[in-house]
Amino acid sequence: MYVRFALDAELLFSADLTPEAVEAVGALVEESNRTLFRKGVPQGAGEDEIGRIVSWSATGPLVMLSIESGPYTRAHDGLFRFRKQIAPTLGRFRVGLRDIVVKSFRITIIGDYPKDVHIPKLPFITRSCLLGDTLELELNMTAADLENRIPDRVVRLVEEKIQACTYGGKTEHWELVFESGPKPRFFEGDPTEEMIKRNWVRHALSRGQWIHAPQSVQLFRAFEQVVVEQIIKPMGFAEMIFPKLVPWEVWKKSGHAKGVYPEIYYVCTPKTRDPAYWEDVGDYFKVTGEVPVEMIREKIDGPIGGLCYAQCPSFWPFLQGETLANDCLPIRIFDRSGTSHRYESGGIHGIERVDEFHRIEILWLGTAEQTVETADRLHEAYRHVFEDLLELEWRAARVTPWFMAQEGMIETETESSCGCGSRIGTTDYEAFLPYNKSWLEFQNVIINGDKYPTGFNVKIQSGVDCWSGCSGIGLERWTAAFLAQKGLDIEKWPETVAKLVGEPKELFRFL
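Owing to the predicted nature of the structure, the values given are computational and were not obtained by experimental measurement.

A. Molecular detail of the overall build of the protein chain. Each helix and strand counted, the protein chain has 15 helices and 22 strands in total. Radius of gyration (C-alpha) of the protein chain: 30 Å, far over the 24 Å computed for a compact globule of 511 residues. Each of the three principal axes of the protein chain carries a C-alpha extent, and together these read 100 × 65 × 50 Å. Burial analysis of the protein chain (511 residues in total) assigns 48% to the buried set. Taking as baseline every contact in the protein chain between residues at least 6 positions apart, the subset at least 24 positions apart corresponds to 74%. In the form shown here, the protein chain has an accessible surface area of approximately 25000 Å², with 52% of it arising from carbon and sulfur atoms. Positive and negative side-chain charges in the protein chain, numbering 58 and 74 respectively, have mean positions lying 2 Å apart.

Below, the structure is given as C-alpha cells:
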C-alpha cells in the first residue's frame, strides 16, 4: 500500500509578524524542505515520498502552511518539526506561538482493496471515497489529535481491515500435525441430551449457562485431578488467583480492546449506593413484579470493563513495569478460581458451547527458549493424557489466530517430539464427536511471543525479550468430548477416569 498525507494549518502568534519576521519564516521553510524534513529518511527515497511545505503565507499574527508527504516525514510529523524550529526563530522578534489550528487533513491510500472491505466510520473521518485502488479520506483533526498520531492509527486500521478480508478464516490457517486414529466408542448420542435425561445437568436461567449436578461435577473434579497430577505438579506450576472482573486498562494493554466488544459481558457500577436513590426501582418491582430495566439503565454508570473473557490478561498487572530476575525464570503458574464468560451469540450448543464456563488456565513466561520448552513439555503431557488416560480419538493442528496474523507475529519452527511443534501461534486439540461426525476443539497450547510482556512493560534482567504462553483447560469441553465417545455408563470408561470419579452420586429423584 502507498500512503500520502496532506494538511493545511494555521500557526497563531502573539503579535503581528514584522517584515523581518516573515523573511525569517521564509528562510525556515526553505531550510525545512532542504534538510529538516529529510532527517531519518532512507537513502533513495523519492522526492514525492518525503514531507514538504508546498506553500505558505503570513498575514498579521498568522502563518498558513500546506504540507504534503508520502510515507517519510509524514505531513503531521513535518508540522511539529517545523513548530519546534519556528518558536525559537520568531522568539527573537518577541512573538510567541499561541496555537495551531488544523484547517484540513487528507489521507490517500493506494492499494489492492477486497470487494467486501469495510472503511471505518470514526468521529475523525468526515468523508471517505473508495474508487478502484484509491481510498481518499478527509479527517477533522486538532493539533492534539495529530500529536497523538491518530492519522497513523487510521492508516493501520484500514490495513488491518484489508488483512481481515483476506485472512480466510480458521480453515485457511489450519494445518494437521497429529491424529490419534480410531479409539473405542461406546456412544452415538448427543452427550448433553443424555446428561439432561439422567439429571446430571439442567439449564440455568441465563443463556448459555448450566447447573451441574454431582455426577457432572465428579467428572469435572476427576479431570482436574488428572491435570494436577499429570501436568501441574510434574512441571512445577504454582497456583494463583486472577481477577474475574477485567477493567478496560487491562484489555487495552493486552490488545483485546481492538475487537473484544461483541463477545464480552459488560460490567457497570451504580452511580450511588444511597438507598433513597434506588427506592423507586424497588417500589416498581413490588407493585408490578417486573424489574424496570430502563430505570436501572439511567442509574448506572457506563461499563468499567467486563467479566473474564480469557483468564490470562488479568494476571499481567501483577508484573506490570517490572524487571524479572534471571534466576526466577521460567515462571509457571495456573488459575482455577472462577468462571469465564463469553457471549457466544448464536453459537451456543449443549455444555460445550456456553456463555459461562469453567477453566484451568495455565500460564508460563521466560525467555523465548524457556517458553518454547514449556510448550513442548505441555504437548507431551497432553498427548499422554489424551492417549493413555482418557483414550480419546483426537487430533492436533497448528493454527494462526487472527490477532497474530493481524499483528504480523513471526512464527518459529522448533519441533517437539510429539509432532505438535512449538512456535508463536496456537496448537488446537480436537476430539471426534460421533453423534454429528464433527470435531470439537477442546484444548489448546498458545505461544504468544512478547505480546503480553510488551503490552505490560515486563522485562528480563539479562535484557533478552520476555515471552509467554498459555493453555486453557475447559472442563465443559473435556466432558463433552469424553462423554461423546465413551458415554455415561461408568463401567465403559477407562479405568483411570472411572476410579477417580467413583460411584456417581444420585441425589435427586423427581415425582
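B. Summary view of a nonpolar patch on the surface. Together, Phe-285, Val-291 and Val-293 line one region of the surface with nonpolar side chains, adding up to about 280 Å² of accessible area. As for its placement among the helices and strands, Val-293 is situated in helix α10 (residues 293–298).

C. Spotlight on unusual backbone geometry. Omega for the peptide link from Leu-329 to Pro-330 comes to -5°, which places this bond in the cis form. Here Pro-330 is to be found in the loop between β14 (323–324) and β15 (331–335). Of note, Lys-437 is a non-glycine position whose phi angle comes to about 55°, a positive value. By the secondary structure assignment, Lys-437 is in the loop between β19 (425–433) and β20 (438–449). Under the relative-accessibility criterion, Lys-437 is labelled exposed at 59%. Positive phi, normally seen in glycine, also occurs at Asn-457, with a value near 55°.

D. Inspection of the packing of aromatic side chains at higher detail. This structure, assessed with the given rule, holds 24 aromatic pairs. Look at Trp-248 and Tyr-261: their rings are 6.1 Å apart centre to centre, the planes differ by 45°, and that puts the pair in the tilted class. Here Tyr-261 lies in the loop between α8 (248–254) and β12 (266–267) and Trp-248 lies in helix α8, a separation of 13 residues in the sequence. The exposure class assigned to Trp-248 is partly exposed, which follows from its relative accessible area of 24%.

E. Representation of the pattern of salt bridges. Applying the stated criterion across every chain yields a total of 27 salt bridges. Arg-74 serves as the salt-bridge partner of Asp-152, at 2.6 Å between the closest nitrogen and oxygen. Of the two residues, Asp-152 is situated in helix α4 (residues 150–167) and Arg-74 in the loop between β3 (62–69) and α2 (75–91); the sequence distance between them amounts to 78 residues. Residue Asp-152 is classed as buried on the basis of its relative accessible area, which comes to 4%. A salt bridge links Asp-489 to Arg-198; the nearest nitrogen and oxygen atoms lie 3.1 Å apart. Here Asp-489 is found in the loop between α14 (475–486) and α15 (495–501), whereas its partner Arg-198 is found in the loop between α6 (191–197) and β8 (201–203), with 291 residues between them in sequence. By sharing partners, the salt bridges in this structure join Arg-74, Asp-77, Arg-149 and Asp-152 into a single network.

F. Spatial organisation of the pairing of strand β5 (residues 125–131). As defined by bridge partners, β5 adjoins strand β6 (residues 134–139) across six bridges and the pair is classed as antiparallel. Bridge pairing links Leu-130 to Leu-135 in β6.

G. The arrangement of the confidence of the model for the protein chain in detail. The share of residues in the protein chain with pLDDT of 70 or more is 94%, and the mean pLDDT across the chain is 92. Note on residues 406–421: pLDDT under 50 across the span, and 46 contacts to partners over four residues away in sequence or across chains.

H. Expanded view of the sheet that holds strand β2 (residues 52–59). Here six strands make up an open sheet; going across it, the order is β2-β3-β1-β4-β6-β5 and the pairing antiparallel. One side of each edge strand has no neighbouring strand; the edge strands of this open sheet are β2 and β5. Across the sheet, the mean angle separating the axes of adjacent strands is 10° when strand polarity is ignored. Pairing of strand β1 (residues 2–13) with β3, which is carried by eight bridges, proceeds in the antiparallel orientation. Among the inter-strand pairings, Leu-11 is bridged to a residue of β3, identified as Val-63. Packing of helix α1 (residues 19–34) onto the sheet brings it into contact with β2 and β3, and relative to β2 it is tilted by some 175°. Running over the sheet, α2 touches β1, β2, β3 and β4 (97–110) and is turned about 25° from β1.

I. Focus on the side chain of Thr-374. Checked against the element boundaries, Thr-374 lands in helix α11 (residues 368–389). A polar contact is formed between the side chain of Thr-374 and the side chain of Arg-332, at a distance of 3.0 Å.

J. Expanded view of α1. Along its 16 residues, α1 runs 23 Å from first to last C-alpha, staying within 8% of the 22 Å computed at 1.5 Å per residue. Where α1 is concerned, the buried positions are Ala-21, Ala-24, Val-25, Gly-26, Leu-28, Val-29, Ser-32 and Asn-33. For α1, the secondary structure elements touched by its buried residues are β2, β3 and α2.

K. Local environment of the environment of Pro-494. With respect to the helices, strands and loops of the structure, Pro-494 is situated in the loop between α14 and α15. The class of Pro-494 is buried, set by a relative accessible area of 5%. For the pair formed by Pro-494 and Met-240, sequence separation is 254 residues and the distance between their alpha carbons is 31 Å. Setting aside residues up to four positions removed in sequence, Pro-494 forms contacts with Leu-389, Leu-390, Glu-391, Phe-482 and Lys-486.

L. Geometry of the nonpolar core. Counting 59 residues, the largest nonpolar core has Tyr-382, Phe-386, Trp-478 and Trp-493 as the members making the most contacts within it. Here Trp-478 is in contact with Phe-223, Val-227, Tyr-382, Val-385, Phe-386, Leu-390, Phe-442, Gln-443 and Ile-473, once residues within four sequence places are set aside. Ranked by size, the runner-up nonpolar core spans 44 residues in total, among them Ala-21, Val-117, Val-158 and Ile-162.

Quick notes on the rules
- Residues numbered from 1 in each chain as written.
- Predicted model: local features only at pLDDT ≥ 70, side-chain atom pairs only at ≥ 80, totals over all residues.
- Heavy atoms only, no water.
- Helix = DSSP H or I, 4+ residues; strand = E, 2+ residues; numbered from the N terminus.
- Rg over C-alpha atoms; globule rule 2.2 N^0.38 Å.
- Buried < 20%, exposed > 50% of the residue type's maximum accessible area, 1.4 Å probe, protein only.
- Contact = heavy atoms within 4.5 Å.
- Areas by Shrake-Rupley, 256 points an atom, 1.4 Å probe, with all protein chains shown as cover.
- Lys, Arg positive; Asp, Glu negative; His and termini not counted.
- Charge placed at Lys NZ, Arg CZ, Asp CG, Glu CD.
- Patch = residues over 30% accessible without salt bridge, like charges linked within 9 Å, V, L, I, M, F, W, Y side chains within 5 Å.
- Salt bridge = Lys/Arg side-chain N within 4 Å of Asp/Glu carboxyl O.
- Phe/Tyr/Trp six-rings, centres within 6.5 Å; stacked < 30°, edge-to-face > 60°.
- Pairing = 2+ DSSP bridges.
- pLDDT = per-residue confidence, 0-100.
- Axes fitted to C-alpha atoms, helices over the stretch in contact; angles between N-to-C directions.
- Polar contact = N/O pair within 3.5 Å; in protein donor to acceptor, adjacent residues only side chain to side chain.
- Expected span 1.5 Å × (residues − 1).
- Core = buried A, V, L, I, M, F, W, Y, C linked by side-chain atoms within 4.5 Å.

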